[in-house]
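Here is what each chain is made of, one letter per residue.
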Amino acid sequence: MSISPRKGILDIVPYKPGESKVEGVDRIIKLASNESPLGPSPKVQDAIERALNDDLALYPDPACTTLREAIAEVHGLRSEQILCGNGSEELLQLLIRAYVGDGDEVILSRFGFLVPPLVTRAVGGTAVMIDEQNYKADIDAMIAAQTERTKVVVLANPNNPTGTYLPFEEVKRLRQGLREDVLLILDAAYAEYPETEDYNAGLELVDNGLDNTVVTRTFSKIYGLAALRVGWVYAPEEILAVLHRIRPTFNVNKISQAAAEAAVRDQDHVARTRIHNNKWLPRLSAALEEIGLEVTPSVGNFVLVHFRDAEQRQAADNFLRGRGIIVRPVANYGLERSLRITIGRDAENDALLKALAEFMT
Ligand SMILES: *Cc1c(COP(=O)(O)O)cnc(C)c1O
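These figures come from a predicted structure and were not determined experimentally.

Enquirer: So, the overall build of the protein chain: which residues are in play, and what are the values?
Expert: Looking only at helices and strands, one finds twelve helices and 13 strands in the protein chain. A compact globule built from 361 residues would reach a C-alpha radius of gyration of about 21 Å, and the protein chain, at 20 Å, matches this within 12%. Dimensions along the principal axes, computed over C-alpha positions, put the protein chain at roughly 60 × 60 × 55 Å. In the protein chain, the proportion of contacts linking residues at least 24 apart, taken out of those at least 6 apart, comes to 74%. A distance of 3 Å separates the average location of the 40 positive side-chain charges in the protein chain from that of its 51 negative side-chain charges.

Enquirer: Hey, could you go over the sheet that holds strand β13 (residues 335-342) for me, with residue numbers and the actual values?
Expert: Strand order in the open sheet formed by four strands is β9-β10-β13-β12, and the pairing between neighbours is antiparallel. This sheet does not close on itself; its edge strands, each paired only once, are β9 (294-296) and β12 (328-330). Direction aside, neighbouring strands of the sheet carry axes that sit 35° apart on average. Running at roughly 35° to β13, helix α11 (residues 310-322) makes contact with β12 and β13 of the sheet.

Enquirer: Explain the packing of helix α10 (residues 267-290) against helix α12 (residues 346-360) residue by residue, including any values.
Expert: Packing of α10 against α12 leaves a shortest axis separation of 11 Å and a crossing angle of 5°. Of the possible angle classes, the one that applies to α10 and α12 is roughly parallel. Taking contact as the criterion, the partners of His276, Lys279, Trp280, Leu284, Ala287 and Leu288 in α10 are, on α12, Asp346, Asn349, Asp350, Leu352, Leu353 and Leu356. Classifying every residue of the contact of α10 with α12 gives seven nonpolar, two polar and three charged.

Enquirer: Pulling in residues and values, what's your account of the sheet that holds strand β3 (residues 105-109)?
Expert: With mixed pairing, the seven strands of this open sheet are ordered in space as β2-β8-β7-β6-β5-β3-β4. Strands at the two margins of the open sheet, each flanked by one partner only, are β2 (82-85) and β4 (126-130). Strand-to-strand, the axes of this sheet are offset by a mean angle of 20°, without reference to chain direction. Pairing analysis gives three bridges linking β3 to strand β5 (residues 150-156), with the strands arranged parallel. Directly across from Val106, in β5, lies its bridge partner Val152. The sheet contacts of helix α4 (residues 115-122) involve β3, β4 and β5, and relative to β4 the element is tilted by about 150°.

Here is what the cut-offs are and how they apply
Residues numbered from 1 in each chain as written. Predicted model: local features only at pLDDT ≥ 70, side-chain atom pairs only at ≥ 80, totals over all residues. Heavy atoms only, no water. Helix = DSSP H or I, 4+ residues; strand = E, 2+ residues; numbered from the N terminus. Rg over C-alpha atoms; globule rule 2.2 N^0.38 Å. Contact = heavy atoms within 4.5 Å. Lys, Arg positive; Asp, Glu negative; His and termini not counted. Charge placed at Lys NZ, Arg CZ, Asp CG, Glu CD. Pairing = 2+ DSSP bridges. Axes fitted to C-alpha atoms, helices over the stretch in contact; angles between N-to-C directions. Parallel < 35°, antiparallel > 145°, perpendicular 65-115°, else oblique. Nonpolar A, V, L, I, M, F, W, Y, C, P; charged D, E, K, R; others polar.

Laid out in structure tokens, this is it:
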């Protein structure tokens, strides 16, 4: 006789990460998971080697002390208000698990990141999906959706997979429109990319806003360390005290702690990566439009491209795969006729544009 999981779990459609293989093709161009084309800082390699020469029989620092101090120094924050995690995904999971239970509601934007609604359902909560305007989160509708069951509101800013963002004024307006006891999670995985003056990741809201605001960040995107799984959350100490009770004690391993510390201290590498992105984001967007595709204006390291319909999108995806190029279908977000394309290295972007131009003629 089979054993049943708790209610709600089997209703979850499993998360499908970006693929990295195409049958019969050796050299793949992977533009599917918003990874950094420049990889991590060269200083990371040394840091990893040093950590490897330490005694591997010993447990790592459960508090990630020196990593938190480095993050605090670089960002001008209090290290006591930082908690590191196994990718920011772990921190998003911990936050929702800590505050959401059976019948509670989490307000989310329709095309927001898929992980928070998944975890919400896993803990028996209801994911309340709010429709967007032009692929942007609708602040007024999110505020209006609050009920007495609302526990958490999640806003990815900039958002994945749309690449759009909300100006800081709008984020502040969202916070002000929410009940004080509603937790606002700002998922700022792409915070390092926007060049616009009116963008702000919201770290200052944690200190100066109402109590229950937290910001999650990651080393997986601009820092090029996705393989090592490190993220962090900036939060009021009261909330961290809650997360500490349920988190795995040694959630970030020693190698990852050392690598992330070296990475965050090398802001020159971050600047170089931004320059590459700034060069390609407008170029790629314009080139795609030129061949007749619709592109949602992005401030991230990827673009959301819309085809005529789901059929044409599928054909484009197949065509690209035939040339060893993997991009990301986003039908699981309800975006049936769209593909999300990560900005790659120069030659990769050129190959992608060449292939898509061929497909469109
Ligand atoms: C990539 C991504 C994350 C982070 O993932 P981790 O690798 O777990 O840190 C979080 N939120 C969004 C919106 C992302 O796109």
